Amino acid sequence: MKIGLVYPQTELGGDPDAVRAIGDAAVALGYDYVLAYDHVVGASHEGREPALWGPYTDQDPFHDPFVLFGYLAGRHPELEFATGVVILPQRQTVLVAKQATDVDLLSGERLRLGVGVGWNYVEYEALGEDFSTRGRRADEQIEYLRRLWTEPTVTFEGQFDKIDRGTLIPRPKRSIPIWVGGFSDPAFRRGVRLGDGFMFAGTADRVFAGRERLLDIGLELDRDLSNFGFEFVKTKTEDVANAIQEAQQWSDLGGTHFAVASMNTGRDSLEAHLDFFASFRQGLG
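Model, not experiment: these values are computed from the prediction. (Residues numbered from 1 in each chain as written. Predicted model: local features only at pLDDT ≥ 70, side-chain atom pairs only at ≥ 80, totals over all residues. Heavy atoms only, no water.)

Q: Would you take a moment to explain the overall build of the protein for this structure?
A: The secondary structure content of the protein amounts to 9 helices and 10 strands. Relative to its length of 285 residues, the protein is compact, with a C-alpha radius of gyration of 18 Å against a globular reference of 19 Å. A total of 285 residues make up the protein; the buried ones form 51% of that total. A sequence separation of at least 24 residues applies to 72% of the contacts in the protein between residues at least 6 apart. Summing over all exposed atoms, the protein offers an accessible surface of approximately 12700 Å²; the carbon and sulfur share of this is 49%. Positive and negative side-chain charges in the protein, numbering 29 and 43 respectively, have mean positions lying 5 Å apart. (Helix = DSSP H or I, 4+ residues; strand = E, 2+ residues; numbered from the N terminus. Rg over C-alpha atoms; globule rule 2.2 N^0.38 Å. Buried < 20%, exposed > 50% of the residue type's maximum accessible area, 1.4 Å probe, protein only. Contact = heavy atoms within 4.5 Å. Areas by Shrake-Rupley, 256 points an atom, 1.4 Å probe, with all protein chains shown as cover. Lys, Arg positive; Asp, Glu negative; His and termini not counted. Charge placed at Lys NZ, Arg CZ, Asp CG, Glu CD.)

Q: Would you explain the nonpolar core in this entry?
A: Nonpolar side chains tend to gather and get buried jointly when the protein is soluble and globular. Residues Leu113, Trp149, Leu214 and Phe280 are the most contacted members of the largest nonpolar core, which totals 65 residues. Those residues in contact with Leu214 that sit more than four places away from it in its chain are Phe188, Val192, Phe198, Phe200, Leu225, Phe228 and Phe230. Counting 20 residues, the second largest nonpolar core, distinct from the first, contains Tyr33, Tyr56, Val122 and Val233. (Core = buried A, V, L, I, M, F, W, Y, C linked by side-chain atoms within 4.5 Å.)

Q: Help me out: how do you make sense of the packing of helix α7 (residues 204-221) against helix α8 (residues 240-252) in this one?
A: A packed helix pair is summarised by two numbers, namely the angle formed by the two axes and the spacing between the axes. Running from N to C, α7 and α8 point in directions that differ by 10°, and their axes come no closer than 12 Å. Here α7 lies roughly parallel to α8, going by the angle between them. Across the interface between the two elements, Ala204, Val207, Phe208 and Arg211 from α7 touch Glu246, Gln249 and Trp250 from α8. Residues of the contact of α7 with α8, tallied by class, amount to 4 nonpolar, 1 polar and 2 charged. (Axes fitted to C-alpha atoms, helices over the stretch in contact; angles between N-to-C directions. Parallel < 35°, antiparallel > 145°, perpendicular 65-115°, else oblique. Nonpolar A, V, L, I, M, F, W, Y, C, P; charged D, E, K, R; others polar.)

Q: Just checking my understanding: could you explain a nonpolar patch on the surface for this structure?
A: Together, Val40, Val41 and Leu127 give the surface a local cluster of nonpolar side chains, amounting to about 190 Å² of exposed area. Mapped onto the fold, Val41 is located in the loop between β2 (33-36) and α2 (65-75). (Patch = residues over 30% accessible without salt bridge, like charges linked within 9 Å, V, L, I, M, F, W, Y side chains within 5 Å. Salt bridge = Lys/Arg side-chain N within 4 Å of Asp/Glu carboxyl O.)

Q: What is the right way to read unusual backbone geometry from this model?
A: Peptide bonds are, in most cases, trans, and in most cases residues other than glycine have a negative phi. In this chain, Glu49 is followed by Pro50 through a cis amide linkage whose omega measures 5°. For Pro50, the position within the fold is in the loop between β2 and α2. Backbone torsion omega between Gly84 and Val85 reads 10°, so that peptide bond is classified as cis. The residue Asp222 is not glycine, and still its phi comes out positive at about 60°. Looking at the element boundaries, Asp222 is found in the loop between α7 and β9 (229-234).

Q: Help me understand the pairing of strand β10 (residues 257-261), please; the structure alone is not making it clear to me.
A: Side-chain direction in a regular strand flips from residue to residue, so the side chains alternate between the two faces of the sheet. Among the 5 residues that make up β10, 5 are buried, leaving the element largely enclosed by the rest of the structure. Across the two faces of β10 the burial is the same, with His257, Ala259 and Ala261 and Phe258 and Val260 all buried. With 5 bridges connecting them, strand β1 (residues 2-6) and β10 associate as parallel partners. Along β10, the bridge assignment pairs Lys2 with His257. Regarding topology, α8 serves as the crossover connection from β9 to the parallel β10, and that connection is right-handed. (Pairing = 2+ DSSP bridges. Right-handed = clockwise from strand over helix to strand, strands pointing away.)

Q: Sorry, what's going on with the packing of aromatic side chains here?
A: Here the distance between the centres and the angle between the planes together describe a pair of aromatic rings. Counting across every chain of the model gives 19 aromatic pairs. Both rings, one in Phe200 and one in Phe230, keep their centres 6.4 Å apart while their planes meet at 5°; by these two values the pair is stacked. One end of the pair, Phe200, is in strand β8 (residues 197-202); the other, Phe230, is in strand β9, and 30 residues separate them in sequence. Summarising the burial analysis for this pair, Phe200 and Phe230 share the class buried. Pairing Phe200 with Trp250 gives two aromatic rings, centres 5.9 Å apart and planes at 75°, and the pair type is edge-to-face. Taken together, the residues Phe200 in strand β8 and Trp250 in helix α8 connect sequence positions 50 residues apart. Relative accessible area serves as the criterion here: at 1%, Trp250 is assigned to the buried category. Over the ring of Tyr33 we find Arg112, and its NZ or CZ is 5.0 Å from the ring centre. In this arrangement the basic side chain of Arg112 is found over the ring face of Trp179, its NZ or CZ atom lying 4.3 Å from the centre. (Phe/Tyr/Trp six-rings, centres within 6.5 Å; stacked < 30°, edge-to-face > 60°. Lys NZ or Arg CZ within 6 Å of the ring centre and 35° of its normal.)

Shown next as structure tokens:
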């Protein structure tokens, strides 16, 4: 099982020195990969109808994951990278294909593209996309991305995107792995139908229940999941010993990836986050 850390974007204030320090620590401590969340813009929650239910506001900073990974890939040739998740339907599909291609090419095939549909309709509006069609658009985009990465010339006309005999130059050397993330049955079904793996996030109870539901859907849809990836993104990690135990349980269940997050638990300095990542990795062994 590969072990990753979630870059603690919201608590490090966009500090370039923190990016370097976390990347350096990931390598020194023996982490396999860095995972980064994605939000292009923040939004105030006050006075919204419908209410915004997600955890992030106009006060939470986020680096663009493709730029972040491009920087860290050149600095650390050992590290792998995962978007967890890029909010795919609010982004232009061809541009995502191009950005992911460059990260994968320049890093030597070290990118895993996690995708999801998000929760922030303000962000969709700011990017000129339709929040209400995000699920259908994501389904179409996943197919389209794979064609852009593998076919020399693509003609495609879907409900949301089209291209007439166009191509990416250069293309990646492979079809970049696409993992789906989310919490609901539609997300689990998207993962089973279209994904190379699934990113579960939250508490152990929620993640283990989600895994069981996804396996049931796999049987229902007759999808062979023997080569499917299973990732547990452990959020709001207060107790290091408990996180170590859950990582071991996930491995025993056949989990392929475990990423631990240090955010949103009162760690108020770069040093506190670094200490947490060191304690977890050393305790895991």
